[in-house]
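What follows is the residue order along each chain.
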Amino acid sequence: MTAIQQDHPPEQPHHPSDHAQGHGPPHGHSHGHGPAAPVSTRLRKIIAAVLIPFAVAVVAGLIALWPGGTPDHKAHGRSGLGFDQETVAGRVVKVEEVNCADVNAQPQAPTEPGQDSAAQNGAPGQSAKKSVCEKATIEVTSGKDKGRTFPEIVQPNASRHFSAGQELKLAYAPKAPKELQYSVSDVDRSMPMALLAGLFALAVVAVGRLRGVFALVALAISFGVLTLFILPAILQGSNPLVVAVVGGSAIMLLALYMCHGLTARTSVAVLGTLVSLLLIGVLGSLFIGWASLTGNTDDQTGLVHGLYPNIEIKGLLLAGVIIGSLGVLDDVTVTQTSAVWELRDADPTVSRRRLYGAAMRIGRDHIASVVNTLVLAYAGASLPLLLLFSIADSGVGAVATSEIVAEEIVRTLVGSIGLVASVPVTTALAVLVVSADRTPVADGGARPGADAGGAGGAQGVQGARSGRGGRGRRRRAKTR
């Protein structure tokens with residue numbers, strides 16, 4: 001009996017008010033927003049024996065792969081291509097309508113075969129309508145040429161039109177002729193994006209309170225690891241897969257423990273996430289190689305490969321699969337671990353088999369919703385691509401096996417397999433931990449801390465009930 005009490009510290013001291021009021025043993029229905037039930041020293045040592053070497057390996061990987069020196073893209077200056085351009089702030093001063101022919105601009109609307117000739121033959125009103133362009137006067141509002149203005153011609157079929165007072169981002173090409181040094185690169189979206197981020201932070205803190213604050217801090221740390229370690233290390237020539245594994249593991253450890261506390265419950269979620277990430281890495285590497293996916297399927301990856309040919313684009317694809325799956329994995333593993341703990345607290349006598357079955361029923365519902373969410377998220381991000389293929393003459397099989405679509409399919413299915421596998425793996429780990437740490441009453445044991453006073457407490461409660469019942473019967477007898 002003494003050994004059991006040492007392995008299982010009593011829970012009652014954590015809830016003294018419950019016993020004082022006679023509400024029975026505490027059940028700690030926390031589900032991530034309350035203190036998790038403590039586990040024994042023995043189990044803490046077992047979990048630490050697994051996670052501490054893993055954490056040490058992650059720290060060693062961060063130190064070994066941490067990018068040092070000046071990155072190549074900064075040492076050699078800007079390339080002037082894509083996002084690698086020098087930009088300054090600008091503003092639209094005025095917008096006026098002009099004839100496209102007067103400014104040597106020709107409309108470039110996509111037309112069907114024969115449509116141009118029809119317009120040239122005098123289609124009423126069509127040629128005149130297409131010849132109206134917009135001339136926007138743009139002012140440079142930052143940099144050495146602040147106050148300088150230049151015109152920007154907008155075609156009538158352009159997807160973006162300007163309005164007076166609109167803030168812009170201007171690309172600066174110092175080697176170009178003076179009249180062509182500045183051009184509109186993009187719209188300045190700083191204000192709406194900052195406002196949206198503020199509303200997001202406010203909503204998270206208002207609902208999550210202190211947990212919400214920790215979640216925002218963990219989010220900032222995740223972006224810090226991504227921008228300060230993962231991206232620079234890949235640009236420096238390190239293997240993208242190794243960098244993603246080390247950086248993703250660091251994000252996982254920091255985010256989970258910061259948001260959910262340094263508890264055994266969180267440690268089980270970390271173990272489940274780690275196993276699932278390993279499975280995603282193995283499957284991703286296998287099928288990306290088997291399907292001969294290069295990862296060079298769009299303008300961005302092509303530009304990266306052109307500027308930095310030493311970067312392994314295929315490894316970059318696999319790294320994206322791992323990092324993209326990490327956030328959803330955290331949600332699934334934490335939820336499953338919390339479900340097991342709560343089910344055990346609700347019924348301490350439940351067997352391992354029944355506990356695992358009940359938690360898996362919750363997990364199956366979670367699997368259905370999460371996989372659907374993941375697939376729809378990828379489909380929404382690739383919606384323009386899907387629209388292009390929907391109007392193509394190629395069959396579904398030809399479209400699905402083309403590299404640009406197959407890449408998204410492999411990314412989605414590999415991540416989904418890892419998510420599905422995380423549910424039984426995490427549930428099994430949580431059931432083993434919570435069952436090994438608490439002896440069910442049905443097996444002849446008692447709950448931690450209830451050995452000495454469990455029977456007496458039960459008799460006291462029963463006596464109190466019978467005493468209340470006896471007084472009630474005496475009152476009824478006197479009334480009669």
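It should be emphasised that the depicted structure is a prediction, and the values quoted were computed from it without experimental measurement. (Residues numbered from 1 in each chain as written. Predicted model: local features only at pLDDT ≥ 70, side-chain atom pairs only at ≥ 80, totals over all residues. Heavy atoms only, no water.)

1. A look at the overall build of the protein
Within the protein, the secondary structure is distributed over 17 helices and 5 strands. A total of 480 residues make up the protein; the buried ones form 33% of that total. Sequence separation of at least 24 residues holds for 73% of the intrachain contacts in the protein that already meet a minimum separation of 6. Here the protein displays about 27,400 Å² of accessible surface, and carbon together with sulfur accounts for 62% of that area. (Helix = DSSP H or I, 4+ residues; strand = E, 2+ residues; numbered from the N terminus. Buried < 20%, exposed > 50% of the residue type's maximum accessible area, 1.4 Å probe, protein only. Contact = heavy atoms within 4.5 Å. Areas by Shrake-Rupley, 256 points an atom, 1.4 Å probe, with all protein chains shown as cover.)

2. A short note on the UniProt feature "transmembrane region" (unreviewed entry) in the protein
UniProt marks residues 46–66, 190–207, 214–235, 241–259, 268–291, 311–329, 370–392 and 412–434 with the feature "transmembrane region" (unreviewed entry), using the numbering shown here. Taken as a whole, residues 268–291 contains 96% helix and 0% strand, while its terminal C-alpha atoms sit 34 Å from one another. In residues 412–434, helix accounts for 100% and strand for 0%; the two terminal C-alpha atoms are 33 Å from one another. (UniProt positions renumbered as here; feature names shortened; annotations may be inferred.)

3. Focus: the pattern of salt bridges
One pass over the full model with this rule turns up 8 salt bridges. When the shortest N-O distance is used, the salt bridge between Glu 342 and Arg 265 registers 3.8 Å. Remark: Arg 265 occurs in helix α10 (residues 264–290) and Glu 342 occurs in helix α12 (residues 313–346); sequence separation between them is 77 residues. The same class applies to Glu 342 as to Arg 265, namely buried. Arg 411 is paired through a salt bridge with Glu 407; the nearest N and O atoms lie 3.2 Å apart. Placement of both Arg 411 and Glu 407 in helix α16 (residues 403–437) is noted, with a separation of 4 residues, approximately one turn of the helix. Since its relative accessible area comes to 7%, Glu 407 is described here as buried. (Salt bridge = Lys/Arg side-chain N within 4 Å of Asp/Glu carboxyl O.)

4. A closer look at the packing of helix α8 (residues 210–235) against helix α9 (residues 240–260)
Where α8 contacts α9, the axes come no closer than 9 Å and their chain directions differ by 165 degrees. For the element pair α8 / α9, the angle class is roughly antiparallel. Once α8 is placed against α9, the crossing between them reads as right-handed. In this structure, α8 uses Arg 211, Phe 214, Ala 215, Val 217, Ala 218, Ile 221, Ser 222, Val 225, Phe 229, Ile 230, Ala 233 and Ile 234 to contact α9, whose residues at the interface are Pro 240, Val 243, Val 246, Gly 247, Gly 248, Ile 251, Leu 254, Ala 255, Met 258, Cys 259 and His 260. (Axes fitted to C-alpha atoms, helices over the stretch in contact; angles between N-to-C directions. Parallel < 35°, antiparallel > 145°, perpendicular 65-115°, else oblique. Left-handed = near helix turned anticlockwise from the far one by under 90°.)

5. Focus: the environment of Ala 233
With respect to the secondary-structure elements, Ala 233 resides in helix α8. Using a relative accessible area of 0% as the deciding quantity, one classes Ala 233 as buried. C-alpha of Ala 233 to C-alpha of Ala 244: the two residues are 11 residues apart in sequence and 9.7 Å apart in space. Once you skip the residues sitting within four places of it in the chain, Ala 233 turns out to touch Leu 65, Pro 67, Ser 238 and Val 243.

6. Some details on the packing of aromatic side chains
Counting across every chain of the model gives 4 aromatic pairs. When the ring of Phe 150 is compared with that of Tyr 182, the centres are 6.3 Å apart and the planes differ by 20 degrees; the resulting orientation is stacked. Of this pair, Phe 150 sits in strand β3 (residues 149–154) while Tyr 182 sits in strand β5 (residues 182–187), placing them 32 residues apart in sequence. As far as the burial class goes, Phe 150 and Tyr 182 line up, both buried. Geometrically, the ring pair formed by Phe 287 and Trp 290 is tilted, given 5.8 Å between the ring centres and 35 degrees between the ring planes. Taken together, the residues Phe 287 and Trp 290, both in helix α10 and 3 residues apart, mark about one turn of the helix. (Phe/Tyr/Trp six-rings, centres within 6.5 Å; stacked < 30°, edge-to-face > 60°.)

7. Looking at the state of the cysteines
One pass over the structure, following the stated rule, counts 1 disulfide. Each disulfide pairs two cysteine sulfurs, and for Cys 100 the partner residue is Cys 133, the sulfurs being separated by 1.8 Å. Of note, the bridge from Cys 100 to Cys 133 carries an S-S torsion of about 100 degrees and is right-handed in sense. Taken together, the residues span a long stretch of sequence, with Cys 100 in the loop between β1 (86–99) and α5 (115–120) and Cys 133 in strand β2 (residues 132–140) at a distance of 33 residues. You'll find Cys 100 and Cys 133 in the same group, each marked buried. (Disulfide = S-S within 2.5 Å.)

8. Section: the pairing of β2
Note: β1 against β2, 9 bridges, orientation antiparallel. Pairing of Asn 99 across the sheet is with Val 132, part of β2. Looking at chain direction, β2 and β3 are connected through 6 bridges and run antiparallel. When the sheet's bridge partners are listed, Thr 137 is paired in β3 with Pro 151. (Pairing = 2+ DSSP bridges.)

9. Let's talk about α12
Its 34 residues place the ends of α12 50 Å apart at the C-alpha level, agreeing with the 50 Å of an ideal helix rising 1.5 Å per residue. Maximal helix bending in α12 amounts to about 35 degrees, located at Leu 326. (Expected span 1.5 Å × (residues − 1). Bend = angle between axes of the 7 residues up to and from the residue.)

10. Side note on unusual backbone geometry
Even without glycine at this site, Arg 209 takes up a positive phi of about 55 degrees. Residue placement: Arg 209 occurs in the loop between α7 (190–208) and α8. Phi at Ser 292 takes a positive value of approximately 55 degrees, unusual for a residue other than glycine. On the secondary structure map, Ser 292 appears in the loop between α10 and α11 (299–307). Classification of Ser 292 as exposed rests on a relative accessible area of 52%.

11. With respect to the packing of α9 against α10
Closest axis-to-axis distance for the α9/α10 pair is 10 Å, and the angle between their directions is 155 degrees. Compared by their axis directions, α9 and α10 come out roughly antiparallel. Here the hand of the crossing between α9 and α10 comes out right-handed. Facing α9, whose interface residues are Met 252, Leu 253, Leu 256, Tyr 257 and His 260, α10 presents Thr 266, Ser 267, Ala 269, Val 270, Thr 273, Leu 274 and Leu 277. Residue classes in the contact of α9 with α10 are distributed as 8 nonpolar, 4 polar and no charged. (Nonpolar A, V, L, I, M, F, W, Y, C, P; charged D, E, K, R; others polar.)

12. Describing the sheet that holds β1
Sheet strands pair via backbone hydrogen bonds, and the direction of the pair is either parallel or antiparallel. Strand order in the open sheet formed by 5 strands is β3-β2-β1-β4-β5, and the pairing between neighbours is antiparallel. Because the sheet does not close on itself, it has two edges, and the strands there are β3 and β5. Sheet twist, expressed as the average angle between the axes of neighbouring strands with direction ignored, equals 45 degrees. For β1 and strand β4 (residues 167–172), the ladder comprises 6 bridges, and the chain directions are antiparallel. By the bridge assignment, Arg 91 is partnered in β4 with Glu 167.

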